[in-house]
Amino acid sequence: MVHRTQSSVQTIGNEIISDSNWQHTLQASITDPQQLLSYLQLDASLLEGSMAASHDFPLRVPRPYLQRIRPGDPNDPLLLQILPQASERQVTPGYNNDPLEEADSNPVPGLIHKYQGRLLIITSGGCAINCRYCFRRHFPYADNSLGKEQWQEILRYLRQHSDVDEVIFSGGDPLATPDSRLQGMIEDLATIPHLRRLRLHSRLPVVIPARITPAFIAMLANSPLQTILVSHINHPREIDTEVATALQRLQHGGTTLLNQSVLLKGVNDDLTTLQDLSHRLFACGVMPYYLHLLDPVAGAAHFDIPEQRARHLAGQLSDSLPGYLVPRLVREVAGASAKVPLMPILAASGKADRHTELTG
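Residues numbered from 1 in each chain as written. Predicted model: local features only at pLDDT ≥ 70, side-chain atom pairs only at ≥ 80, totals over all residues. Heavy atoms only, no water.

This part is about the sheet that holds strand S8 (residues 256-262). Paired through backbone hydrogen bonds, the strands of a sheet run either parallel or antiparallel to each other. Across the sheet, which stays open at both edges, the nine strands sit in the order S3-S4-S5-S6-S7-S8-S9-S10-S11 with mixed pairing between neighbours. Of all the strands in the sheet, just strand S3 (111-115) and strand S11 (340-341) have a single pairing partner and so form its edges. Sheet topology places strand S10 (residues 328-331) next to S11; two bridges connect them, and they run antiparallel. Each bridged residue has a counterpart across the sheet, and for Val330 the counterpart in S11 is Pro341. Those strands touched by helix H6 (residues 148-160) are S3, strand S4 (118-124) and strand S5 (166-171), and its axis lies near 170° from that of S4. (Pairing = 2+ DSSP bridges. Helix = DSSP H or I, 4+ residues; strand = E, 2+ residues; numbered from the N terminus. Contact = heavy atoms within 4.5 Å. Axes fitted to C-alpha atoms, helices over the stretch in contact; angles between N-to-C directions.)

Shown next, in the form of structure tokens:
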């Protein structure tokens, strides 16, 4: 039986785009900086820097996400996440192509094994949207593509590591992979007795909510593995009605929903935005999970904020929200056995607590 989502049609410029087919929407993404600037009525002086930066890391933004960006506003927090800028080409000490040293944890092509009990599979090298702060913007996806032989090698690796009980589908974006391929991979994983959970990290439910089809929801619901989807949402305006509906349907289907955000200068580095984001996420059935400090990847230094300011913001969130709405402020450190949480600076203490500890 073929399940179909309700079709919605939108007009952008002279094009008519139907969201009934998420793959068509993905293929129709804007990849030309000049087209993006023209549509959003932005100053043409941005074009030269944008073209240069997109040569290093291409522009890609789907139409549904584009609809949420305010025309004529060069400081729109959604625009800043996707617009290539001249500042990306500045060389900044301490920022490099592999900030988490994942090359040292890549024993099998397509597999990253950094933490005890769980490993990550590069399910797809493609993304629906190229976020300018992405820590894998320089990742060698061509060397980690998953052909049939590589997939069998990963399955052998998993069978030999009985301490691993959770697999993480990442990328790129795993939901850029067609359901038929995902279904086969999930079925293969379900045959490994010591696996309990499957986690998927994705921006696709946010940037193309039509990707969350009834068939996809049923696929996760019918898996014997417990399924968790971790969305990547940084700003409350990324959650429009269609995104909220998609997330709620996924949650009602039995998938646990978590969210992780990256703390980004000019995007979400203020208390009101972070409060609104937590409230909006919870209304959609999504639990705030992590608030990441920026990974020091080359090309993204202009997004960074000082750690002390991040800890103050985390403290303000803890002071103003119930605990279940407060994401954990963390930094990922290359070689560490887990993410490193940073203690919030609470208003009541008035002092900066420098204590950190490792967490799972």
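Attention shifts here to the environment of Leu291. Secondary-structure assignment places Leu291 in strand S9 (residues 287-292). Given the relative accessible area of 2%, Leu291 is considered buried. Note: C-alpha distance between Leu291 and Gln260 (31 residues apart in sequence) is 5.9 Å. Leaving out residues up to four positions away in the same chain, Leu291 has contacts with Ser261, Val262, Leu263, Leu274, Pro327, Arg328, Leu329 and Val330. (Buried < 20%, exposed > 50% of the residue type's maximum accessible area, 1.4 Å probe, protein only.)

What follows concerns the side chain of Asn268. If you trace the backbone, Asn268 turns up in the loop between S8 and helix H11 (271-283). Looking at Asn268, the relative accessible area reads 0%, which means it is buried. Ignoring anything within four residues of it in the chain, the contact list for Asn268 reads Asn234, Val262, Leu263, Thr273 and Leu274.

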